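Examining the three-dimensional arrangement
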There are 2 protein chains.
Amino acid sequence: MRKIAATALLAVAFAPLAPHAEEGMWTFNNFPKQKVEAAYGVKITDAWLDHVRLSSARLAQGCSASFVSPDGLVMTNHHCVEACLEQLSTAKRNYIADGFSAKSPADEQRCPVLEVNQLVEITDVTARVKKATAGLDGQKFADAQKAETGRIEKECQTSAALRCNVVSLYHGGIYDLYKYRRYQDVRIVFAPEFAIAFFGGDPDNFTFPRYDLDVSFVRVYEDGKPLKAANFLRWNKAGPKDGQLVFVSGHPGGTERQLTVAELEYQRDVALPERIARYAELRGALVEFQHRGAEQKRVSEGTLFGIENSLKALKGRREALVDKSFFADKVAAEEAFRKTLASSPREGPAALKAYGSIQGANDLLRNVRFEVRNVMGSDGFMTDYFSIARTLVRGAEERTKPNEARLREYQEAQLPAVTHRLFSPAPIYPDFETFKLAWSLTKMREDLGPDHPFVKKVLGSDSPSDVAQRLVRGTKLGDVSQRKALWEGGKAAVDASSDPMIALARQVDPDSRAVRRMYEDQIESVETKGSEAIAQARFALEGTSSYPDATFTLRLTYGTVKGWTEGKKEVPAFTTLAGAFERNTGRDPFALPKSWIDAKPRLDLATPFDFVATTDIIGGNSGSPVINQDGEAVGLVFDGNIWSLGGDYGFDPKLNRTVAVDTAALTEALSKIYGAKRVLGELVAGDGKK
Amino acid sequence: MRKIAATALLAVAFAPLAPHAEEGMWTFNNFPKQKVEAAYGVKITDAWLDHVRLSSARLAQGCSASFVSPDGLVMTNHHCVEACLEQLSTAKRNYIADGFSAKSPADEQRCPVLEVNQLVEITDVTARVKKATAGLDGQKFADAQKAETGRIEKECQTSAALRCNVVSLYHGGIYDLYKYRRYQDVRIVFAPEFAIAFFGGDPDNFTFPRYDLDVSFVRVYEDGKPLKAANFLRWNKAGPKDGQLVFVSGHPGGTERQLTVAELEYQRDVALPERIARYAELRGALVEFQHRGAEQKRVSEGTLFGIENSLKALKGRREALVDKSFFADKVAAEEAFRKTLASSPREGPAALKAYGSIQGANDLLRNVRFEVRNVMGSDGFMTDYFSIARTLVRGAEERTKPNEARLREYQEAQLPAVTHRLFSPAPIYPDFETFKLAWSLTKMREDLGPDHPFVKKVLGSDSPSDVAQRLVRGTKLGDVSQRKALWEGGKAAVDASSDPMIALARQVDPDSRAVRRMYEDQIESVETKGSEAIAQARFALEGTSSYPDATFTLRLTYGTVKGWTEGKKEVPAFTTLAGAFERNTGRDPFALPKSWIDAKPRLDLATPFDFVATTDIIGGNSGSPVINQDGEAVGLVFDGNIWSLGGDYGFDPKLNRTVAVDTAALTEALSKIYGAKRVLGELVAGDGKK
């Protein structure tokens, strides 16, 4: 499971709902301690919460992680560092296929793009943000909000080692400033072979029983040395027991449990099916692209995995929305709340009006969605070169403006992350870029039609394939020094550049900005303001004893290790190492790696391998630690079962399950399969009690 | 536009609706002559109707056509004979790219699979069919209906030169016996280059303005000589005028304007999005497969075209269903009719009960759809070899049974068509078959899951690619003589065969039959019987002055040559040859062929090229003649505009348009571009008045 990028189109929503039994992705400053104590007799202290929060980490690219040793060792999933492994691989050394294990500190290799964030402080800035936007609408509302959050973030971010984000919770009910410590020197320490990290491949993805060792360890460095981590999770090598209370701390990417019915219909009827069809086609093309040769396969593996993973996740979400009773419940809940509003003269009118304006914004979005995706967004330019070119062109333009007047992603507080990505030495493969760009240009022509002025501007009378080849052949942006020169040269350098990809980005920028302005003015700000109004009314009428929709901010969820019942079938909570050998067919994706076959005689096959729990997670939680009540690591989240996919819109405690690797299996594998004594020694050294 | 195969899953429906202005796909024995006379002052006689009906033809593979000379010359679309052109092509002579023109009768080449049908008689057999099924339910209902229609067809079909089909109209309101004259010796006479037949390619498909010469001429032979056609359409080389009354005679494949809301929801939420995602992925894979080489491109061109065409059509249908006001109208119409039923003690109860049983059958279908597609159907075995193997295995088994106890497709009346396909010498390309089979096996594993017993039975511990390679490498079914030997050898020969594809078809047959039995018993027969009940009630309450949903039976629709208005934009009814040269970019799919570039100085560029009309057509009407009130050919239907795609569910007279080639353009091109004097001479010789 990987965080699904929450695009502008897929992520607009509103306020809280009364949670089921163990449902809830709680913020650390509003965790229901009393509820846990009442249900489990376990007291959660503020010290415990601080310990867990500071032991948790976020990978800026979209995963969760945890510190697991005093020397900056960080545990996450294999699939969260797969891009790094791919970037460090070459035609001759394939860390994806063969795995990676640093025998000594000197062997730990820096990941080109990986950034680790640790949440150090949360501050409520609601009053300040709301004051700045009071009485404003449309583009003025959006501009004022952007300017104020930009100011708050800039004030907070006193060094590049900090990352400050103003986040919206409860869809504008609360604005909090999240201050992270930012680490950009992150090195790979250990990763197993892809074949066991993703055993069962796409067929088994989002299912259980499961037999995956989806783990990797990286290390955070500071000033060239391993970070001294004051907070980390101790290692519990026994793993959890069936029925045990567990916690998951991590960064769920986004949920949409509070969408209005109008927005849910848009998801069901437009956004999801269209995105699914796009990814399905791309998947078909990628699988065939891999047949061109071993090198093509290697360089596209991560992209294909990401697409297949998203595709399955999106299909699961769509399934939830086309479930008639599920949708009928959503409709009934909204009707009930609107009735409440109708009889609330103080809170009602503004919120009821907001439903209408959200519906209107949504109808408009239906009509302009292809422009939003292709002209404002870059669906049509699916190549790293274009992302780089747009960053350079926009970055040059925006940096000539005062901070608060800039596009949000070029405000001062964002620049360290921007340049970290921009100057990454990760290799770019021209053939693969040509393939992706040609494909996406074809889709753009399909979305907008061959006679659309934007399409004519980009393609002229050439074919998508001609254009892609010409641009990729001509661009020098694969060279990091060229990017640095253009970034540092600013607007003059970018204006003077004859690089064809820069020329394209310059050429389409006015169109793109125009659509963005329309989108912010007539759609986004209307939805933001509308959902704020509904959230306010809900707070006023129902209080704040609930959790906000996920927004890639740190959350804590609790539940128990527990299987489920499917019709007459009982699905137990644990699998064992023995099960992996039984499922092995020797053929991809059900082929165990050689290291496992060789080690079999040495293994305790009864060791628990993967397990499930009732914790409430979603994409973005990949890499989250599973923690026991003593604050120790007992597992590593890497997936959810098929019913977890509906979790975007609601939580079903009977069926929705988190899927995790057991620390017992991790211990057994590190010791007896990989001989990874250095890592294991560090983990067990931290294990004070065992 | 090509007929979308109406699969069992996509084609279940019920009774008639009051038509809009010019809406209607009328049967020839219920054409609204008075209505036409009232609106246009034109008298349509029975002789005129007979002339048009007998001049019309059906291509058994799913298109329409017309006789246009006394010597058996038949006009249809290029895309309707594309498979034939592909089959007759080799690596060295490419009739798709280069076109085909028989200089002499001896050059006319026989199409391996093409079958032309001419409707010679319609007989009402409703009473007989209903009597046979009276009082029966489920499988007994289905078996009795099949046995009776089998008897009727067998009695009718006194020779292999006849094709007799009992067809259901008004969803079981009427059963008619359609008797066709069957012609299996069909030879290709003329086809232009693919580049002009499908100018604009997928981007322009289902749009207008348009510049396509999507035409081909074939000739029907009888006893080795050109057929002497008593009925044919005279050629009007001037083409139609703007605003003129025109008729389209042809075989619309299927509409679903009478589906219940439950069935429409299934289409909207399940069938269409899932089929779209499947085709999108296949399209991505096929486009990349073509990059393997020129030969791979050649042999997969027709398949890719078919998939892209279906994909665009399915997307258009889905668009119609997710249009909120369109769907709300459907819901309102059903509610209104159910109210009428509730106050009709005689007709009401049975029909109201039918809505409930259709809903129940539909809910069941949701749960078993993947088995229906993959175990009962052959979604997982996407190769000609498997179709052949299944036909041989089932044919052998079924032919041991009495006619009425057989599966419908192996009853005596069907066998001439079965063996025509089975013994076709059309080439099969093993590499392409391996590709398709491997892909579809992967999808089957995805649909059913890797642990499904059927998947395990088919794949064992091998990968889809292993299995596909092994089967294709091992089978001898590419050899027509092997197929003949197995067909003629019957069950003993098939049982004894060690061909691996035959072995697979044998192995999965019991599973497939079991699911089919369940499907017929609990889903299909429930829907058929239910829709019959609703149709009966509707006839009783509203009369029969309407048209039935399309079912690939011959229909006549009328309308006027007329553009439309889109927002502020007027789309005129005609394009000209000049427009094609303006749209030419020289790059596929907007590249005019060399023959056109060379001929430009000779052409009258003001000649009308393509035009639109308000006639009510749908996939399957491809190749239909456009006819004037004098019964002459004035055009050739090859497409509908984007709004025609919603025509599956309803007709919008403001926007829905038929797209056709003008006979003026055909005349100009045959004469001045192709020098096809023989064909043109035949057409003009038939043109008595000009």
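Just so we're clear, the structure is a prediction, and the values are computed from it rather than from any experiment. Per chain, the residues get numbers from 1 upward, laid out in the order the sequence is written. Lettering for chains starts from A, numbering for ligands starts from 1, and both go in the order in which the items are written. Where totals are concerned, whole chains, interfaces and linings use all residues; where local detail is concerned, this predicted model gives features only for residues with pLDDT of at least 70, and gives and counts side-chain atom pairs only at 80 or more. Side-chain measures were taken over the full set of non-hydrogen atoms in the model, leaving aside hydrogen atoms and water.

1. Some thoughts on the packing of aromatic side chains
Heads up, the rule is: Aromatic rings from Phe, Tyr and Trp, taking only the six-membered ring of Trp, are treated as a pair when their centres fall within 6.5 Å; an angle between ring planes under 30 degrees marks them as stacked, one over 60 as edge-to-face, and anything in between as tilted. Working definition: helices are DSSP H or I runs of at least four residues, strands are E runs of at least two. Numbering for both runs from the N terminus. Accessibility here uses a 1.4 Å probe with only protein chains present; expressed as a share of the type maximum, an area under 20% marks a residue as buried, one over 50% as exposed, and anything in between as partly exposed. Charge over a ring is defined by NZ of Lys or CZ of Arg lying within 6 Å of the ring centre and within 35 degrees of the ring normal.
Taken as a whole and judged by the stated rule, the model has 46 aromatic pairs over all chains. Here the aromatic rings of F31(B) and Y558(B) are separated by 5.9 Å at their centres, their planes lie at 75°, and the arrangement is edge-to-face. Placement of F31(B) in the loop between β1 (26–27) and α1 (33–40) and of Y558(B) in strand β15 (residues 555–560) is noted, with a sequence separation of 527 residues between them. A relative accessible area of 3% means that Y558(B) is categorised as buried. Through a chain of ring-to-ring contacts, three or more aromatic side chains come together here, namely F31(A), Y40(A), W48(A), F247(A) and Y558(A). Just above the ring of Y180(A) sits the side chain of R58(A); from NZ or CZ to the centre is 4.3 Å. Seen from the ring of Y221(A), R187(A) lies directly overhead, with NZ or CZ sitting 3.6 Å from the centre.

2. Quick notes on the interface of chain B and chain A
Quick reminder of the rule: By the convention used here, residues are in contact when the closest approach between their heavy atoms is within 4.5 Å. In short, buried area is how much 1.4 Å probe accessible area vanishes from two parts on joining, totalled over both. The term salt bridge refers to a side-chain nitrogen of Lys or Arg lying within 4 Å of a carboxyl oxygen of Asp or Glu. Nitrogen and oxygen atoms within 3.5 Å of one another constitute a polar contact, given that in protein one can donate a hydrogen and the other can accept it, and given that sequence-neighbouring residues count only through two side-chain atoms. For this classification, Asp, Glu, Lys and Arg are treated as charged, while Ala, Val, Leu, Ile, Met, Phe, Trp, Tyr, Cys and Pro are nonpolar and the rest, including Gly, are polar.
Each side of the interface is counted separately: chain B has 45 residues, and chain A has 45 residues. Broken down residue by residue, the surface that chain B buries against chain A is led by E288(B), K324(B) and R587(B), which jointly contribute 16%. Among the ionic pairs, E446(B) bridges to R283(A), the shortest N-O distance being 3.0 Å. Linking chain B with chain A are 20 residue pairs in polar contact (both at pLDDT 80 or more), by the criterion used here. For the side of chain B that touches chain A, the elements supplying multiple residues, two or more each, are α8 (201–204), α9 (261–290), α10 (294–322), α12 (348–376) and α15 (430–448) of chain B. Per-element tally for the side of chain B that touches chain A: the top contributor is α9(B), with 15 residues. Of the residues assigned to the side of chain B that touches chain A, the class counts are 13 nonpolar, six polar and 26 charged.

3. Let's talk about the pairing of strand β14 (residues 555–560) of chain A
Residues and elements named next belong to chain A. Our working rule: A pair of strands counts as paired when DSSP detects no fewer than two bridges linking them.
Where burial is concerned, most of β14 is hidden: six out of the six residues are buried. Every second residue of β14 is oriented toward a common face, with R555, T557 and G559 on one face and L556, Y558 and T560 on the other, all of them buried. In this structure, strand β13 (residues 245–250) lies alongside β14, joined through six bridges in antiparallel fashion. Counterpart to F247 in the pairing with β14 is Y558.

4. Points about the relation of the copies chain B and chain A
Formally: Here the copies are superposed with least squares, the fitted atoms being C-alpha atoms of residues at a pLDDT of at least 70 in both.
Expressed as a screw transformation, the operator carrying chain B onto chain A has a rotation angle of 180° and an axial translation of 0.0 Å, and the superposed copies differ by an RMSD of 0.0 Å. Put plainly, the chains are arranged around a two-fold axis. When you check the interface residues of chain B against chain A, 100% turn up at the interface there too, and the contact is symmetric in its surfaces.

5. Side note on the state of the cysteines
Residues and elements named next belong to chain B. Threshold: Cysteine sulfur atoms that come within 2.5 Å of each other are treated as a disulfide pair.
Evaluation of the coordinates by the stated rule reveals six disulfides over all chains. Each disulfide pairs two cysteine sulfurs, and for C156 the partner residue is C164, the sulfurs being separated by 1.9 Å. When the S-S torsion is -60°, as for the bridge of C156 with C164, the disulfide is left-handed. The two residues C156 and C164 agree in class, both being buried. In chain A, the cysteines engaged in disulfides, taken in order along the sequence, are linked 1-2, 3-4, 5-6.

6. Here we look at α12(B)
Here is the rule we go by: Helix span, expected: 1.5 Å multiplied by one less than the number of residues in the helix. At any given residue, the bend is defined as the angle formed between two axes, one fitted to the seven residues that end at that position and one fitted to the seven that begin there.
With 29 residues, α12(B) ought to run about 42 Å at 1.5 Å a step, yet its terminal C-alpha atoms sit only 35 Å apart, falling short of that. Where α12(B) bends most, at V368(B), the angle is about 70°.

7. Here's the deal with the pairing of strand β19 (residues 608–613) of chain B
All names here are of chain B. Of all six residues in β19, five are buried, a share of seventy percent or more. Strand direction decides the pairing type here: strand β18 (residues 574–576) and β19, joined by two bridges, are antiparallel. When the sheet's bridge partners are listed, F574 is paired in β19 with F611. Across four bridges, β19 lies against strand β22 (residues 658–662) in antiparallel orientation.

8. A word on the packing of helix α9 (residues 261–290) of chain A against α9(B)
To be explicit about the condition: Here an axis means a line fitted to C-alpha atoms, over the contact stretch when the element is a helix, while the angle between two N-to-C directions is reported on a 0 to 180 degree scale. Roughly parallel here means an angle under 35 degrees, roughly antiparallel means over 145, roughly perpendicular means 65 to 115, and every remaining angle is called oblique. It is the rotation of the near helix from the far one that decides the hand of a crossing: anticlockwise by less than a right angle makes it left-handed, clockwise makes it right-handed.
For the pair α9(A) and α9(B), interaxial distance at closest approach is 7 Å and the crossing angle is 25°. With respect to each other, α9(A) and α9(B) are oriented roughly parallel. Between α9(A) and α9(B) lies a crossing of right-handed hand. Where α9(A) abuts α9(B), its residues R268(A), D269(A), I276(A), A277(A), A280(A), E281(A), R283(A), G284(A), A285(A), E288(A) and F289(A) lie against R268(B), D269(B), I276(B), A277(B), A280(B), E281(B), R283(B), G284(B), A285(B), E288(B) and F289(B). Across the contact of α9(A) with α9(B), the residue classes tally to ten nonpolar, two polar and ten charged.

9. A closer look at the pattern of salt bridges
Summed over all chains, the structure comprises 121 salt bridges over all chains. Of the charged contacts in the structure, one is a salt bridge between R283(A) and D202(A), with a shortest N-O distance of 2.8 Å. One end of the pair, R283(A), is in helix α9; the other, D202(A), is in helix α8 (residues 201–204), with 81 residues separating them in the sequence. Assessed through its relative accessible area of 5%, R283(A) is described here as buried. You can call D202(A) buried: its relative accessible area is 10%. Between K315(B) and E446(A) there is a salt bridge whose closest N-O contact spans 3.4 Å. With K315(B) in helix α10 and E446(A) in helix α15 (residues 430–448), the pair connects residues from two separate chains. Within this structure, D202(A), R283(A), E308(A), K315(A), E281(B), K443(B) and E446(B) form a network of salt bridges that share partners.

10. Observations concerning the side chain of D269(A)
Relative to the assigned elements, D269(A) resides in helix α9. A polar atom in the side chain of D269(A) sits 2.8 Å from the side chain of R268(A). Leaving out residues up to four positions away in the same chain, D269(A) has contacts with R366(A), R268(B), R318(B) and V322(B).

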